[in-house]
Amino acid sequence: MAEGGGGARRRAPALLEAARARYESLHISDDVFGESGPDSGGNPFYSTSAASHSSSAASSDDERERPGPPPPPPGAPDAQEAEEDEAGAGWSATLRDRPPPRFEDTGGPTRKMPPSASAIDFFQLFVPDNVLKNMVVQTNMYAKKFQERFGSDGAWAEVTLTEMKAFLGYMISTSISHCESVLSIWSGGFYSNRSLALVMSQARFEKILKYFHVVAFRSSQTTHGLYKVQPFLDSLQNGFDSAFRPSQTQVLHEPLIDEDPVFIATCTERELRKRKKRKFSLWVRQCSSTGFIIQIYVHLKEGGGPDGLDALKNKPQLHSVVARSLCRNAAGKNYIIFTGPSITSLTLFEELEKQEIYCCGLLSPRKSDCTGLPPSMLSNPATPPARGQHRIKMKGNMSLICWYNKGPFRFLTNAYSPVQQGVIIKRKTGEIPCPLAVEAFAAHLSYICKYDDKYSKYFISHKPNKTWQQVFWFAISIAINNAYILYKMSDAYHVKRYSRAQFGERLVRELLGLEEASPAH
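Analysis parameters
- Residues numbered from 1 in each chain as written.
- Predicted model: local features only at pLDDT ≥ 70, side-chain atom pairs only at ≥ 80, totals over all residues.
- Heavy atoms only, no water.
- Helix = DSSP H or I, 4+ residues; strand = E, 2+ residues; numbered from the N terminus.
- Buried < 20%, exposed > 50% of the residue type's maximum accessible area, 1.4 Å probe, protein only.
- Contact = heavy atoms within 4.5 Å.
- Areas by Shrake-Rupley, 256 points an atom, 1.4 Å probe, with all protein chains shown as cover.
- Axes fitted to C-alpha atoms, helices over the stretch in contact; angles between N-to-C directions.
- Parallel < 35°, antiparallel > 145°, perpendicular 65-115°, else oblique.
- Left-handed = near helix turned anticlockwise from the far one by under 90°.
- Nonpolar A, V, L, I, M, F, W, Y, C, P; charged D, E, K, R; others polar.
- Pairing = 2+ DSSP bridges.
- Arc of directions from axis to C-beta.
- 1 Å grid on protein atoms, 1.4 Å probe; cavity = no way out; pocket = protein on both sides within 12 Å on 5 of 7 lines; lining within 4 Å.
- Points joined across faces, edges and corners; volume = space filled by probe spheres on them.
- Disulfide = S-S within 2.5 Å.

Colleague: Account for the overall build of the protein, with residues named and values stated.
Modeller: When its secondary structure is counted, the protein shows 17 helices and 12 strands. Expressed as a percentage of its 521 residues, the buried residues of the protein come to 52%. If you take every contact in the protein between residues at least 6 apart in sequence, the share linking residues at least 24 apart comes to 71%. Here the protein displays about 24,700 Å² of accessible surface, and carbon together with sulfur accounts for 52% of that area.

Colleague: Lay out the packing of helix α6 (residues 161-177) against helix α17 (residues 500-511) with the relevant residues and their values.
Modeller: At their nearest, the axes of α6 and α17 sit 8 Å apart, and the two run at 160° to each other. Considering their axes alone, α6 and α17 lie roughly antiparallel with respect to each other. Judged by the twist between their axes, the crossing of α6 over α17 is left-handed. Contacts between α6 and α17 involve Lys165, Ala166, Leu168, Gly169, Ile172, Ser173 and Ile176 on the former and, on the latter, Arg500, Ala501, Gly504, Glu505, Leu507, Val508 and Leu511. Partitioned by chemical class, the residues of the contact of α6 with α17 number 8 nonpolar, 3 polar and 3 charged.

Colleague: Give a description of the sheet that holds strand β6 (residues 335-339) that names residues and reports values.
Modeller: Overall, mixed pairing links the 8 strands, which are arranged β5-β4-β3-β6-β7-β10-β9-β8 in an open sheet. Every interior strand has two partners, whereas the edge strands, β5 (293-300) and β8 (390-395), have only one. When strand polarity is set aside, the average angle formed by the axes of neighbouring strands in this sheet is 15°. Where strand β4 (residues 280-287) lies against β5, 7 bridges are found, and the strand directions are antiparallel. Residue pairing for β5: Gln286 is matched across the bridge by Ile293.

Colleague: Which residues make up helix α13 (residues 346-353), and what values go with them?
Modeller: The complete set of buried residues in α13 reads Leu346, Leu348, Phe349 and Leu352. Mapping the buried residues of α13 onto a view down its axis gives an arc of 165°, with all of them on the same face.

Colleague: Can you break down empty space enclosed by the protein residue by residue, with the values?
Modeller: Where empty space is left can be seen by rolling a probe of water-molecule size over the atoms. Inspection of the entire model under this criterion finds 3 cavities of 30 Å³ or more. If you add up the space inside the largest cavity, you get close to 70 Å³. What lines the largest cavity is a set of 11 residues, among which Val251, Leu252, Phe338, Phe441 and Leu445 lie closest to the centre. Of all the secondary structure elements, the ones that give two or more residues to the lining of the largest cavity are β3 (249-253), β6 and α14 (436-455). Considering each element in turn, the lining of the largest cavity owes the most residues, 4 residues, to α14. The residue makeup of the lining of the largest cavity, split by class, is 6 nonpolar, 5 polar and no charged.

Colleague: Any chance you could break down the packing of α6 against helix α15 (residues 467-488) for me, citing the residues and the numbers?
Modeller: Two numbers describe how α6 lies on α15: the axes approach to 11 Å, and their chain directions differ by 85°. When the axes of α6 and α15 are compared, the pair comes out roughly perpendicular. Seen from α6, the contacting residues are Phe167, Leu168, Met171 and Ile172; seen from α15, they are Phe472, Trp473, Ile476 and Ile480. The class makeup of the residues in the contact of α6 with α15 is 8 nonpolar, no polar and no charged.

Colleague: Lay out the state of the cysteines with the relevant residues and their values.
Modeller: Under the defined criterion, the tally for this structure stands at 0 disulfides. There is no disulfide at Cys360, and the cysteine sulfur nearest it, in Cys359, is 8.8 Å away. The class of Cys360 is buried, set by a relative accessible area of 0%.

Pasting the structure below:
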């Protein structure tokens, strides 16, 4: 028994080394945060992290809870008729190899930052001074108009660029301290910070907070519900596009932006009831090799128009709108996009393929739009197959895979050949054979889950009531995470190896003028 246990212990490092080598071959980099922490990625199909409860998480629970009718035995009249119907629709069990989409672009930062570059230099690749100056102008305009309407405010003086940077610095500090009230900096309590508090008085900070605006007034042509923050989101998107070229493999998903788990665990039921539910959902297209968020899409849960929730009949229809919006700048580049069950659909994948965007998505008979898919692949057999077995049907370049682990998992892809084999490597059970598409999906989903576990800890904790302000601070948080990723990929990281928390602390102090920025700034 002891000898067997020793053999298992000796095999474990070899298995992990094999997993690392295979994941590197799929172009997945090391953890961009460079910090130790809980890994949600052992087997992403059975993750216990918060990400596993999102709409994009992989699970076969739906299929186990709601088993489909067992398929008729081969050769039965109904089975033969179903086969003929599926063949007539173009689906066949005859598989053919196909080359992967060619990708010759070199991903990564587009600009070489000097070794002396500081945290604020990377942040201002996305939020430069001209954007901050516009916030200064809009805030002063709003304050003036507000006082014309509601009476003069003798304690108000026009905000300056230096004060606006300090204002942002105070807000960003809540992502490091994880304290929901930014005013605690001046409180003298546990979260107080005397060095930060001396830069600006609490009264002055509260005045800026009262009048803070990105867009002060609605134009006559504006109908969009996010008009107060949309110009900033557009500017941020331009910054992302110009600063970074993504790798071929990317993921569409909802990042973890829900309530701080510490707050949820410690608050009273009354406090929880007082919290207003978010009126928007935030989706991203994310580079799965680095974690860099390439594009943000904000969808208002209330509102009219063709994209409003009241105009859409179901979640798959809504999420198809989200996917098309996130992929509008990806056409013609042979990207491979990984999607969750709510987005995966034959219609969407065929539409994106015409734009030279290829996909690999987890499919759920309950959550996905299964229009056009063969029914025989969506029902479960009466006797569960052995672990690692799979069935595949193909239509053109599209493959529908049903792979068995502890339950059935279905995948739809036009990015990977159905005849290419992969393997899922587990610490306890060793290798589980699978089609290459399944291995690729597991590897990339695992990486994004790990990223979510870590970067969600650094969202700004301030919780305003206005929807546009919530969107603004989430966008700022994403910009800081992207700035840190560029920092880790630059020469500056080899000069001073800041962790994500240290990078945030440094950025706060530089915005408040407590640290010298780099000479290049």
